[in-house]
Amino acid sequence: MDLCHPEPAELSSGETEELQRIKWHRKQLLEDIQKLKDEIADVFAQIDCFESAEESRMAQKEKELCTGRKKFNMDPAKGIQYFIEHKLLTPDIQDIARFLYKGEGLNKTAIGTYLGERDPVNLQVLQAFVDCHEFANLNLVQALRVVKTKARV
């Protein structure tokens, strides 16, 4: 006699009913497991889609940054305008000054050209740019060297 799979003739009617209930519950559990597997697969597909979209947005932003840097290096005013229009930079004076201070990928001569304009906005940016520097414990010559390394004004 096989204890795992007894012959139906060897079972009482109560045992047969119990066996049928067990089989029915087993079938329900297997269906639930399959539903969970399907839901997990859907979630992973959504995650993959989200990651792909995020990578695409990051690539687009990097492309816009590169274009903006090129524009800035050719014509600083148009470059700043491009950055603002593409929401890579706000029109806030402090934000522009910090961006120029970091100078990532920007030509120092172009930074100096932008800061050297006598337009009121450019003068405000120049003041904010100077405020980005730390001049404590520096003599005049050292302070000028710090500014010179950031922009040729």
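See above for the structure.
Nothing here was measured: the structure is a model prediction, and the numbers come from that model.

Asker: Teacher, can you tell me more about the pattern of salt bridges here?
Answerer: Charged atoms that come close allow side chains of opposite charge to pair. Applying the stated rule across the entire model yields three salt bridges. Where Arg 21 meets Glu 18, a salt bridge forms, and the shortest distance between an N and an O atom there is 2.6 Å. Here Glu 18 and Arg 21 lie together in helix α1 (residues 13-74), a separation of three residues that amounts to about one turn. Across the pair Glu 62 and Arg 69 runs a salt bridge whose closest N-O atoms are separated by 3.7 Å.

Asker: It is not clear to me how a nonpolar patch on the surface should be interpreted in this structure. Could you clarify?
Answerer: On the surface, Leu 36, Ile 40, Val 43, Phe 44 and Ile 47 cluster together into a nonpolar patch covering about 460 Å² of accessible area. Assignment of secondary structure puts Phe 44 in helix α1. Residue Phe 44 is classed as exposed on the basis of its relative accessible area, which comes to 52%.

Asker: I'm lost on helix α3 (residues 93-102) in this one. Help?
Answerer: Because the α-helix completes a turn every 3.6 residues, residues three or four places apart line up on one side. Every buried residue of α3 is listed here: Ile 93, Asp 95, Ile 96, Ala 97, Phe 99 and Leu 100. Of the residues one or two after α3, Gly 103 is the one with positive phi, at around 60°.

Asker: For this particular structure, what's the right way to read the layout of surface pockets?
Answerer: Within this model, the second largest pocket holds a volume of roughly 150 Å³. Lining the second largest pocket, in full, are Asp 75, Pro 76, Ala 77, Ile 80, Ile 84, Ile 96, Thr 113, Tyr 114, Glu 117, Val 121 and Asn 122. For the lining of the second largest pocket, the secondary structure elements donating two or more residues are α2 (76-85), α4 (108-116) and α5 (120-131). At four residues, the largest contribution of residues to the lining of the second largest pocket is made by α2. Along the lines of polarity and charge, the residues of the lining of the second largest pocket split into seven nonpolar, two polar and two charged.

Asker: How do you make sense of the packing of α2 against α3 when you look at a structure like this?
Answerer: Between two packed helices, both the angle of their axes relative to each other and the distance between the axes serve to describe the pair. Relative to each other, α2 and α3 sit at 115°, their axes nearing to 12 Å. Viewed along their axes, α2 and α3 form a crossing whose handedness is right-handed. Taking contact as the criterion, the partners of Ile 80, Phe 83 and Ile 84 in α2 are, on α3, Ile 96, Phe 99 and Leu 100.

Cut-offs used in this document
The numbers attached to residues start from 1 for each chain and follow its sequence in the written order. With pLDDT at 70 or above as the cut-off, local features in this predicted model cover only qualifying residues; side-chain atom pairs require 80 or more to be listed or tallied, and sums for whole chains, interfaces and linings still use all residues. Note: side-chain values were computed over all heavy atoms of the structure, leaving out hydrogens and water. Salt bridges are counted wherever a side-chain nitrogen of Lys or Arg sits within 4 Å of a carboxyl oxygen of Asp or Glu. By definition, any uninterrupted DSSP run of H or I lasting at least four residues is a helix, any uninterrupted run of E lasting at least two residues is a strand, and each is numbered from the N terminus. Each patch groups residues whose relative accessible area exceeds 30% and which form no salt bridge, using 9 Å between like charges and 5 Å between nonpolar side chains of Val, Leu, Ile, Met, Phe, Trp and Tyr. Accessibility throughout is a Shrake-Rupley quantity obtained with a 1.4 Å probe, and a residue counts as covered only by protein chains that appear here. For each residue, the accessible area found with a 1.4 Å probe, counting protein chains only, is set against the maximum for its type, and the residue is called buried under 20%, exposed over 50%, and partly exposed in between. Only protein atoms enter the 1 Å grid used here. Points where a 1.4 Å probe fits but cannot escape make up a cavity, open sets with protein on both sides within 12 Å along at least five of seven lines make up a pocket, and a residue lines them when an atom lies within 4 Å of a point. Grid points are joined across faces, edges and corners, and a volume is the space filled by probe spheres set on the points. Note on residue categories: nonpolar means Ala, Val, Leu, Ile, Met, Phe, Trp, Tyr, Cys or Pro, charged means Asp, Glu, Lys or Arg, and polar means any other residue, Gly included. Note on definitions: angles span 0 to 180 degrees between N-to-C directions of axes, and those axes are lines fitted to C-alpha atoms, for helices only across the stretch in contact. Definitions for this section: a left-handed crossing has its near helix turned counterclockwise from the far helix by less than a right angle. A right-handed crossing has that turn clockwise. In what follows, a contact means two residues having at least one pair of non-hydrogen atoms within 4.5 Å.

These figures come from the coordinates and say nothing about function on their own.
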